[in-house]
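# Structure at a glance
Listed below, chain by chain, are the residues.
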Amino acid sequence: MALPKIDTPIFEMTIPSQDKVVKFRPFLVKEEKILLIAQQSDTDRDIILAIKQILNNCILDADFDVDSLATFDLEYMFLKLRARSVNNVIEVSYRDLEDDKVYTFEIDLDEVEIQKTETQSNKIKINDEIGMIMKYPSVQTINNIPENATGTDVVEYLVRSCIDKIYDEDNVYIVAEEPEAEVQAFIDNLDVETYDKIRQFFSDLPKMYHKIEYKNSLGNERSIELTSLRDFFTWG
């Protein structure tokens, strides 16, 4: 006789960068095992691969493409998935650097949202005729960073990968279709002010955000800002 099948609930959440609603189920024991194995390796690459696999398993929309997600989409969606799969309330502990005491806080993951900079624009003008259209770094972009790349190499790779289009008065050029050497030469010939605008684009990327406010043992008002998955200690 066949064992009974267990029904799982279905929820909805929004992909922040795409403003698209997708359906998902909670992750199960088989997905938790994937995460625990990645956690044991304690490398960002393995953890990202595990989260990608879990999202692919749990997102029910047929056209869902995990590699197209922005990096902040991946973190946000996993956080919401974890909230529905295990518990939406977690405990985090931090050491206060002023009084050297450890404080423990409860966080409702349902209250964590994406923080966006209102002034951020993906359009960067070089002059009156020429400009660039930027795109958010995707999961695939991060996966393709060479393992032994230096800090400078990573910055150059991300800048080159996140310029989506270059335009002038007559044409729009799809950067992914242009020779890499020509794109790098174009970047190398940018003026410093324009390159600073590119750096600002990366600084202003949307991110998960939750602020903890408390008073330490010295009676001083303190705050902690959580902006990444590791800040929330949601592994497992």
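This section reports on the structure supplied with the text. A quick note: this is a predicted structure, and the numbers were derived from the prediction, not measured. (Residues numbered from 1 in each chain as written. Predicted model: local features only at pLDDT ≥ 70, side-chain atom pairs only at ≥ 80, totals over all residues. Heavy atoms only, no water.)

### Considering helix H7 (residues 192–203)
Compared with an ideal rise of 1.5 Å per residue, which puts 12 residues at 16 Å, H7 spans 16 Å between its outermost C-alpha atoms and is within 8% of the ideal. The complete set of buried residues in H7 reads Thr194, Tyr195, Ile198, Phe201 and Phe202. Here the buried residues of H7 occupy an arc of 105 degrees about the axis, which is enough to place them on one side. The exposed residues of H7 that point more than 90 degrees off its buried face are Val192, Glu193 and Ser203. Buried positions along H7 lie against strand E6 (123–125), strand E7 (131–134), helix H5 (151–162) and helix H6 (180–188). (Helix = DSSP H or I, 4+ residues; strand = E, 2+ residues; numbered from the N terminus. Expected span 1.5 Å × (residues − 1). Buried < 20%, exposed > 50% of the residue type's maximum accessible area, 1.4 Å probe, protein only. Arc of directions from axis to C-beta. Contact = heavy atoms within 4.5 Å.)

### A look at the sheet that holds strand E10 (residues 207–215)
Pairing within the open sheet is antiparallel, and its 3 strands lie in the order E5-E10-E11. In this open sheet, the two edge strands, each paired with only one partner strand, are strand E5 (113–115) and strand E11 (221–226). Direction aside, neighbouring strands of the sheet carry axes that sit 50 degrees apart on average. (Pairing = 2+ DSSP bridges. Axes fitted to C-alpha atoms, helices over the stretch in contact; angles between N-to-C directions.)

### A short note on a negative patch on the surface
The grouping of Asp128, Glu129, Glu169 and Asp170 at the surface amounts to a negative patch. With respect to the secondary-structure elements, Glu129 resides in the loop between E6 and E7. By relative accessible area, Glu129 is classed as partly exposed at 35%. (Patch = residues over 30% accessible without salt bridge, like charges linked within 9 Å, V, L, I, M, F, W, Y side chains within 5 Å. Areas by Shrake-Rupley, 256 points an atom, 1.4 Å probe, with all protein chains shown as cover. Salt bridge = Lys/Arg side-chain N within 4 Å of Asp/Glu carboxyl O. Lys, Arg positive; Asp, Glu negative; His and termini not counted. Charge placed at Lys NZ, Arg CZ, Asp CG, Glu CD.)

### Quick notes on the sheet that holds E6
In space, the 4 strands of this open sheet follow the order E6-E7-E8-E9, with antiparallel pairing throughout. Looking at strand neighbours, the two that pair on one side only are E6 and strand E9 (172–174), the edges of this open sheet. Averaged over all pairs of adjacent strands, the angle between strand axes in this sheet comes to 25 degrees, irrespective of strand direction. Strand direction decides the pairing type here: strand E8 (residues 163–167) and E9, joined by 3 bridges, are antiparallel. The partner of Lys165 across the bridge, within E9, is Ile174. Contacting E7 and E8, H5 crosses the sheet at an angle of about 60 degrees to E8.

### With respect to the pairing of strand E4 (residues 102–108)
Because side chains alternate across E4, one face comprises the buried residues Tyr103, Phe105 and Ile107, and the other comprises Val102, Thr104, Glu106 and Asp108, none of which is buried. Bridge count between strand E3 (residues 89–95) and E4: 7 bridges; the pairing is antiparallel. Within the sheet, the bridge partner assigned to Ser93 lies in E4 and is Thr104. Between E3 and E4, which follow one another and run antiparallel, lie 6 residues, and Asp100 among them has a positive phi close to 60 degrees.

### As for the packing of aromatic side chains
Remark: the centre distance and the inter-plane angle together describe each pair of aromatic rings, the angle taken between the planes. In this structure the tally under the stated criterion is 7 aromatic pairs. Relative to Phe202, the ring of Phe201 lies with its centre 5.6 Å away and its plane at 75 degrees, an arrangement referred to as edge-to-face. For the pair Phe201 and Phe202, one class covers both residues: buried. Grouped by ring-pair contacts, the aromatic residues Phe72, Tyr136, Phe201 and Phe202 constitute a single cluster. Over the face of the ring belonging to Phe11 we find Arg84, whose NZ or CZ atom lies 5.8 Å from the ring centre. (Phe/Tyr/Trp six-rings, centres within 6.5 Å; stacked < 30°, edge-to-face > 60°. Lys NZ or Arg CZ within 6 Å of the ring centre and 35° of its normal.)

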